[in-house]
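# Architecture and fold: a report
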Amino acid sequence: MAKPAQGAKYRGSIHDFPNFDPSQDAETLYNAMKGFGSDKEAILELITSRSNGQRQEICQNYKSLYGKDLIADLKYELTGKFERLIVGLMRPPAYGDAKEIKDAISGIGTDEKCLIEILASRTNEQIHQLVAAYKDAYERDLEADVIGDTSGHFQKMLVVLLQGTREEDDVVSEDLVQQDVQDLYEAGELKWGTDEAQFIYILGNRSKQHLRLVFDEYLKTTGKPIEASIRGELSGDFEKLMLAVVKCVRSTPEYFAERLFKAMKGLGTRDNTLIRIMVSRSELDMLDIREIFRTKYEKSLYSMIKNDTSGEYKKALLKLCGGDDDAAGQFFPEAAQVAYRMWELSAVARVELKGTVRPAGDFNPDADAKALRKAMKGLGTDEDTIIDIITHRSNAQRQQIRQTFKSHFGRDLMADLKSELSGDLARLILGLMMPPAHYDAKQLKKAMEGAGTDEKALIEILATRTNAEIRAINEAYKEDYHKSLEDALSSDTSGHFKRILISLATGNREEGGEDRARAQEDAQVAAEILEIADTPSGDKTSLETRFMTILCTRSYQHLRRVFQEFVKMTNYDVEHTIKKEMSGDVRDVFVAIVQSVKNKPLFFADKLYKSMKGAGTDEKTLTRIMISRSEADLLNIRREFIEKYDKSLHQAIEGDTSGHFLKALLVLCGAED
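Residues numbered from 1 in each chain as written. Predicted model: local features only at pLDDT ≥ 70, side-chain atom pairs only at ≥ 80, totals over all residues. Heavy atoms only, no water.

Per an unreviewed UniProt entry, the chain goes by Annexin and derives from Catagonus wagneri. What UniProt states about the chain under its Sequence similarities (unreviewed entry) heading is, verbatim, "Belongs to the annexin family." (UniProt positions renumbered as here; feature names shortened; annotations may be inferred.)

Rendered as structure tokens:
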């Protein structure tokens, strides 16, 4: 069994079996495989209940007693995923890694994700053992094989990691931290092109403790997380490798929690990844992975495995998992520290928001108006020309085209477009032609008219817009519908939900910085209303009003500090707690506010993903977000989308829409990531 560092707590899920008898275990396995068929239940129960060191003793005793190779017999008796899992457990860890890498670089093509996962996450000692095991098992040099199967900067970084020479000194020089921050900044953001060698040297050799301080200082100095710079400056497998290194430096268990989630989400399961991680981490940090998984994904690793796998394969994986952390929202101490750090980073980040649609450089409203008129004149409509012009102009330029069109032809461009286009494309193009505030006002009006109310649209718009945007929406609503937005909300919603929406619709959110003392008071109110405070005080109605006031009127910067203090005070995450303790529209609007404060581009990335996943597409949500964010932060949304869902927004749109609607959406989306 892998031993924790001196003074460290063992965080694996598999322990040495008490009263271990390798001869008895060898006999049990032999009997389970003797005769016709095999007793899979007995095999999985025994092997998943022994540590790796004990399994090696069983192998030796099996050969001594029966003159046979246990792994060969298991391969013969078992099949499929269950066989791969059980055989993987029987190999010593270094030989398991060696087998995975050999498979990744054998044959046609290379499994770069496997190479990245193993080499970015292993310690110096594990790397040295891996290199030796590869040499012993295959009589080949691992570095030479990696060089023969990869290329470029990706290859160079893999070779650096294969040396296993990362510094391990916990004593950090502040001067060197500042120098590395400057070198990374100059190698990327400040340089025409990128000096990849600096990224390779610093990220491939410095100690984890040193690099964590470098990442913190980099964020404070540049206003960008190091990950954002890597995505902007590097590309392809090299970019993925460097991001994996950064993730493992920050938190190796969090890296594996994310890999496990991505292996099981959506249609199909990436069983090779699932098996590799569950086997390799079962005696290292599975408990930490479980904690972070539950915190990050609002479900336990156990429950996700249970719902995503079947048969003996499922039973064996659940044994390796070691338990079900079903009380979502509450942190273990280690996971609470991760959440606290996340809010700390969020509080100092100055992320540059970028849209995908920019003003056309050679803009000529006269030529555009004439081209649009020609595209709609006579029989048929030239949708391609309409899409090309309107999606490649900024909203301000589109307003100029509207005015020029009317001056030239005495016609209303919007009316002409409406009569010539139809369906999803018409809604998209007409939405792009409206000034943003008038478009939002129309979406709010549509959400409230007719039978039923589209609460999700109301929440999405009112919980995410800035004060200036909210005020402009109010003016546009009054101008277009001759009624105040507040009156419309009052007549169409009720109760606490109505009060929250009206508060948001006033556009009176504070815009200053944080107040630490006030943040602690606000966190206490949140803890009391969510019923997890140690000493509740005050009546519930008064607390509800104060909680609403905090979420609807405090500045984003201040709320980040409130949520951080909430974690510190309660050991709970505010978003998960709201989901658990509240219900209905009130819960949904408060969750939207928290998510928007935490990471607004990620909030919209989630909305876009949900609009396209499963059977059917929610075209209204998809259209609304693509229009409203195209000049605000759609580039940031794209980055969050690929980071969380492991596929690009471009790919998702391509797979879920068609025709001219697809073409227009892809132009708004911008490049493929």
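Turning to the overall build of the chain, a few remarks are in order. Across its full length, the chain holds 39 helices and zero strands. For 673 residues, the compact-globule formula gives about 26 Å, and the C-alpha radius of gyration of the chain, at 29 Å, lands near that figure. Classification of the 673 residues of the chain by burial places 51% in the buried group. Expressed as a percentage of contacts within the chain between residues at least 6 apart in sequence, the contacts between residues at least 24 apart total 72%. Carbon and sulfur atoms make up 48% of the accessible area of the chain, which amounts to about 30,200 Å² in all. In the chain, 95 positive and 111 negative side-chain charges are present, and the distance between their average locations comes to 4 Å. (Helix = DSSP H or I, 4+ residues; strand = E, 2+ residues; numbered from the N terminus. Rg over C-alpha atoms; globule rule 2.2 N^0.38 Å. Buried < 20%, exposed > 50% of the residue type's maximum accessible area, 1.4 Å probe, protein only. Contact = heavy atoms within 4.5 Å. Areas by Shrake-Rupley, 256 points an atom, 1.4 Å probe, with all protein chains shown as cover. Lys, Arg positive; Asp, Glu negative; His and termini not counted. Charge placed at Lys NZ, Arg CZ, Asp CG, Glu CD.)

This brings us to the pattern of salt bridges. Note that side chains of opposite charge can pair when their charged atoms are close. Taken as a whole and assessed by the stated rule, the structure comprises 43 salt bridges. As a salt-bridge pair, Lys63 and Asp69 come within 3.9 Å of each other at their nearest N and O atoms. A salt bridge links Lys247 to Glu258; its shortest N-O distance comes to 2.7 Å. Glu258 carries the same exposure label as Lys247, and that label is buried. (Salt bridge = Lys/Arg side-chain N within 4 Å of Asp/Glu carboxyl O.)

Glancing now at the environment of Tyr609. Locating Tyr609 in the fold gives a position in helix 35 (residues 584–612). The exposure class of Tyr609 is buried, given its relative accessible area of 17%. In sequence terms Tyr609 and Leu489 are 120 residues apart; their C-alpha atoms lie 28 Å from each other. Setting aside anything within four residues of it in sequence, one finds Tyr609 in contact with Phe641 and Tyr645.

Both trends apply: most residues other than glycine have a negative phi, and most peptide bonds are in trans. Residues other than glycine seldom take positive phi values, yet Asn19 does so here, at roughly 55 degrees. In this fold, Asn19 is placed in the segment before helix 1 (22–33). By relative accessible area, which is 78% here, Asn19 ends up exposed. Phi at His482 is positive, roughly 55 degrees, even though this residue is not glycine. Along the polypeptide, His482 turns up in the loop between helix 28 (467–481) and helix 29 (485–492).

To continue, consider helix 35. Along its 29 residues, helix 35 runs just 23 Å from first to last C-alpha, ending more than 12% under the 42 Å computed at 1.5 Å per residue. Phi turns positive one or two residues past the end of helix 35, at Gly614, with a value near 75 degrees. (Expected span 1.5 Å × (residues − 1).)

On to the side chain of Ser251. Tracing the sequence through the fold places Ser251 in helix 15 (residues 236–264). By relative accessible area, Ser251 is classed as buried at 10%. Only 3.1 Å separates the side chain of Ser251 from the backbone nitrogen of Glu254, close enough to count as a polar contact. (Polar contact = N/O pair within 3.5 Å; in protein donor to acceptor, adjacent residues only side chain to side chain.)

Moving on: the side chain of Arg465. By secondary structure assignment, the location of Arg465 is in the loop between helix 27 (455–462) and helix 28. A relative accessible area of 7% places Arg465 in the buried class. A polar contact of 2.8 Å, which involves the side chain of Arg465, links it to the side chain of Asp440. A polar side-chain atom of Arg465 sits 2.9 Å from a polar atom in the side chain of Thr464.

Time to look at the nonpolar core. Ranked by size, the top nonpolar core spans 101 residues in total, and within it Leu417, Phe547, Phe590 and Met626 carry the most contacts. Per element, the largest residue contribution to this core is 13 residues, and it comes from helix 35. With near-sequence residues (within four places) excluded, Met626 lies in contact with Leu608, Leu634, Leu649, Ile653, Leu665, Leu668 and Cys669. (Core = buried A, V, L, I, M, F, W, Y, C linked by side-chain atoms within 4.5 Å.)

Running from N to C, helix 22 (residues 383–391) and helix 25 (residues 423–433) cross one another at 35 degrees; their axes reach a closest spacing of 10 Å. Judged by the sense of rotation from one axis to the other, the crossing of helix 22 with helix 25 is left-handed. When helix 22 is examined against helix 25, the residues Glu383, Ile386, Ile387, Ile390 and Thr391 are found in contact with a partner set consisting of Leu425, Ile429, Leu432 and Met433. Its residues placed into classes, the contact of helix 22 with helix 25 shows seven nonpolar, one polar and one charged. (Axes fitted to C-alpha atoms, helices over the stretch in contact; angles between N-to-C directions. Left-handed = near helix turned anticlockwise from the far one by under 90°. Nonpolar A, V, L, I, M, F, W, Y, C, P; charged D, E, K, R; others polar.)

Attention now goes to the state of the cysteines. What the rule picks out here adds up to zero disulfides. Left unpaired, Cys114 is separated from the closest cysteine sulfur, that of Cys248, by 13 Å. (Disulfide = S-S within 2.5 Å.)

Okay, the packing of helix 11 (residues 174–187) against helix 12 (residues 196–205) next. Axis angle and axis distance: for two packed helices, these are the angle between their axes and the distance between the axes, and together they describe the pair. Across the interface, helix 11 lies against helix 12 with an axial gap of 8 Å and an inter-helix angle of 150 degrees. Between helix 11 and helix 12, the angle falls in the class roughly antiparallel. In this structure, helix 11 meets helix 12 at a crossing whose hand is left-handed. On helix 12, the residues touching Asp180, Asp183, Leu184 and Ala187 of helix 11 are Gln198, Phe199 and Ile202. Grouping the amino acids of the contact of helix 11 with helix 12 by side-chain chemistry returns four nonpolar, one polar and two charged. (Parallel < 35°, antiparallel > 145°, perpendicular 65-115°, else oblique.)

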